[in-house]
Amino acid sequence: MSDRDDPVTIGRRVQQLRSERGLTQRQLAEPAYTPAYISTLEAGRVRPSAEALRHIAERLGIAYDELVTGRPARLATDLRLRLTEAQRTLAGGEAEQAAEQYAVLLAEAERHELVDVQAVALLGLGECALDTGELEAARQYFERSERALADVPLPARVPALRGRAVSHYLAGELRYAVYLLESALDELNRSGLHDPDALLLLYASVIGPYMDMGAQARAAQAAEFALALAPQSGDPALVARMHRSVARTLLAEGRITEADASLAKAAELYRTLQIRTELANCHWMRGYVYAQNGELDCAEGELRQALDMLSAGRAALYSSQVAVELADVLHRRGKSDEAAALLQNLLSDALGPERGALHSAAAHRLLGIIAEDACDTEAAEEHYVRALSMLERAGAAGDLADLCRLLGDLLRRTGRVEAALDAYRTGLGHRTAPGTTTLGPAPAQPPL
């Protein structure tokens, strides 16, 4: 597909550039063409051949691509350089500053109709919105990025699709998030599109929804696949910085093709950095397994490592699932005050019914347990009821059944038998077997 403008637009551009340089039509035409041909071309009455445009571009002293598209020769490469700068900013945890950079780049890409740059800028804006907890805005950015890439193979669309799924997940829409991620995994594996980065992103991202839906078996398998697919890179941030510096030097020397190659390497390394952040979910999964087996010391170490892998500047929505699990382990290790402080900070800083509803419910559930241990039944009941309403809206069946049991036991101990029976009945209506969900068959597996 050609980016060449229509004959009228090209004709006007040739006339403007010729006038700016003080050339006559004869001077522009010779020795290969006639002044009459240049006149006809400038009037837009003929579609010039590539050979004619190369001759005219050489006479005008500009690049062929700039003549036929109207874009400065360095524009696309310059935008890609600035995209890697924005990626670096986001990888460093400065989401708001990165969003400003991406917004400027998006506007320029739209003005020059550079669709591939638009898609990357929209993806970046979506990631920034996820980090700052603006879930609806994030979803819209990811959807726009997917539409811009509608004609490219699925692996190239996976980062945007995964972002959209994560935005639904953090909003408490578990089943739809899993549907999006599993559908993409199934299509990649069944069609032989075994792109390791795409598969890694999807497997790492589906762990959280699986766990919240009670599908521990699928979560464990996804974690193993993700760890097996994880690329081995020494220090991607350092290497990416080197490639950006090299690209800037090459661009200044006019070596655009070589600069593009360095920028492509830098962009891939920044994606690797983001993937490594996603792998925090795998350490969270290991911590969960250790906790279930009663190995609390190992569980605490894995969960703290998961938190450390998340950039300090990332929003609490992104790391709250790990923090709540860590608080549970701390409580079980007798560090209830530290656990309660961690949970209260989460609830006051970023979590709520509309932002991280499942993690908020888990925090209230654990605060209820801690309050019960301290014989503060009134506070415990308040936390349980708040968690119950969030879980009912989200449809987290396994967690809801467990919470109803806790609430029923509390009500029974305080003499409210009828209310306790109501709570138990509600829990029975949502009971699921461990490690299962109402999901369909698991997606096809990658060839590892």
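Just so it is clear, the structure is predicted and the values come from calculations on it, not from any experiment. Each residue is numbered by its place in its chain's sequence as written, counting from 1. Local features in this predicted model are restricted to residues whose pLDDT is 70 or higher, and side-chain atom pairs enter the listing and the counts only when it is 80 or higher, whereas totals over whole chains, interfaces and linings include all residues. No hydrogens and no water enter the side-chain calculation; it runs on all heavy atoms of the structure.

Describing the overall build of the chain
Reasoning step 1: The helix and strand labels rest on DSSP assignments: H or I over at least four residues marks a helix, E over at least two residues marks a strand, and numbering proceeds from the N terminus. Within the chain one finds 23 helices and 0 strands.
Reasoning step 2: With a 1.4 Å probe rolled over the protein chains alone, any residue whose accessible area is under 20% of its type maximum counts as buried; one over 50% counts as exposed, and the rest are partly exposed. Out of the 448 residues belonging to the chain, those deemed buried represent 50%.
Reasoning step 3: Residue contacts follow a heavy-atom distance rule, with two residues in contact if any of their heavy atoms lie within 4.5 Å. Restricting to contacts in the chain with at least 6 residues of sequence separation, those with at least 24 account for 63%.
Reasoning step 4: All accessible areas in this document rest on Shrake-Rupley with a 1.4 Å probe, and a residue is counted as covered only by the protein chains that are shown. Of the accessible surface of the chain, which amounts to about 20,600 Å², a share of 50% is contributed by carbon and sulfur atoms.

Describing the confidence of the model for the chain
Reasoning step 1: In the predicted model, the chain carries a mean pLDDT of 80, and the fraction of residues at 70 or more is 81%.
Reasoning step 2: Per-residue confidence from the predictor is reported as pLDDT, which spans 0 to 100. Per-element confidence in the chain is highest for helix H9 (residues 135–148), whose mean pLDDT is 94, and lowest for helix H14 (residues 236–252), whose mean pLDDT is 58.
Reasoning step 3: In the predicted structure, residues 431–438 sits below a pLDDT of 50 and forms 16 contacts with residues beyond four places in sequence or in another chain.

Let's talk about the nonpolar core
Proteins that are soluble and globular tend to have nonpolar side chains buried together.
Reasoning step 1: We define the nonpolar core as a collection of buried residues of types Ala, Val, Leu, Ile, Met, Phe, Trp, Tyr and Cys that are connected through side-chain atoms lying within 4.5 Å of one another. Of all hydrophobic cores here, the largest spans 81 residues; its most connected members are Leu 202, Tyr 203, Ile 207, Leu 343 and Tyr 384.
Reasoning step 2: Per element, the largest residue contribution to this core is 10 residues, and it comes from helix H12 (residues 196–212).
Reasoning step 3: Residues in contact with Leu 343, not counting those within four places in the same chain, are Val 324, Ala 327, Ala 363, Leu 366, Leu 367 and Ile 370.
Reasoning step 4: Ranked by size, the runner-up nonpolar core spans 17 residues in total, among them Leu 75, Leu 83, Ala 95 and Ala 98.

Remarks on the packing of helix H8 (residues 115–131) against helix H10 (residues 154–170)
Reasoning step 1: Where helices are involved, their axes are fitted lines through C-alpha atoms of the stretch in contact, as for all axes, and angles between N-to-C directions lie from 0 to 180°. In the contact formed by H8 and H10, the axes pass within 10 Å of each other and the chain directions differ by 25°. Classified by the interaxial angle, the pair formed by H8 and H10 is roughly parallel. As H8 runs across H10, the sense of the crossing is left-handed. Residue-level contacts link Leu 123, Glu 127 and Leu 130 of H8 to Pro 159, Ala 160, Arg 162, Gly 163, Val 166, Ser 167 and Leu 170 of H10.
Reasoning step 2: Amino acids are sorted into nonpolar (Ala, Val, Leu, Ile, Met, Phe, Trp, Tyr, Cys and Pro), charged (Asp, Glu, Lys and Arg) and polar (every other residue, Gly among them). Looking at the contact of H8 with H10 residue by residue, the class counts come to 6 nonpolar, 2 polar and 2 charged. If an angle is under 35 degrees, it is roughly parallel; if it is over 145, roughly antiparallel; if it lies from 65 to 115, roughly perpendicular; otherwise it is oblique. Crossing handedness is read from the near helix: turned anticlockwise from the far helix by less than a right angle, it gives a left-handed crossing, and turned clockwise, a right-handed one.

Some remarks on empty space enclosed by the protein
Reasoning step 1: Whether a set of points on the 1 Å grid over the protein atoms alone is a cavity depends on a 1.4 Å probe fitting there but being unable to get out, while an open set qualifies as a pocket with protein on both sides within 12 Å along at least five of seven lines; lining residues are those with an atom within 4 Å of a point. Grid points are joined across faces, edges and corners, and a volume is the space filled by probe spheres set on the points. On inspection of all chains with the given rule, the structure shows 3 cavities of 30 Å³ or more.
Reasoning step 2: For the second largest cavity, the calculated volume is near 80 Å³.
Reasoning step 3: What lines the second largest cavity is Leu 185, Tyr 203, Tyr 210, Arg 218, Gln 221, Ala 222, Phe 225, Ala 442, Pro 443, Ala 444 and Gln 445.
Reasoning step 4: Only H12 and helix H13 (216–229) provide two or more residues apiece to the lining of the second largest cavity.
Reasoning step 5: No other element matches the 4 residues that H13 contributes to the lining of the second largest cavity.
Reasoning step 6: Split by residue class, the lining of the second largest cavity holds 8 nonpolar, 2 polar and 1 charged.

Considerations on H10
Reasoning step 1: Take the residue count of a helix, subtract one, and multiply by 1.5 Å to get its expected span. Between its terminal C-alpha atoms H10 stretches 23 Å, which fits the 24 Å expected from 17 residues at 1.5 Å a residue.
Reasoning step 2: Along H10, the sharpest kink reaches roughly 30°, centred on Ala 160.
Reasoning step 3: In terms of burial, H10 is a largely internal element, 15 of the 17 residues being buried.
Reasoning step 4: Where H10 terminates, the next one or two residues include Gly 172, which has phi positive at roughly 95°. One axis is fitted to the seven residues ending at the residue and one to the seven starting there. The bend at that residue is the angle between these axes.

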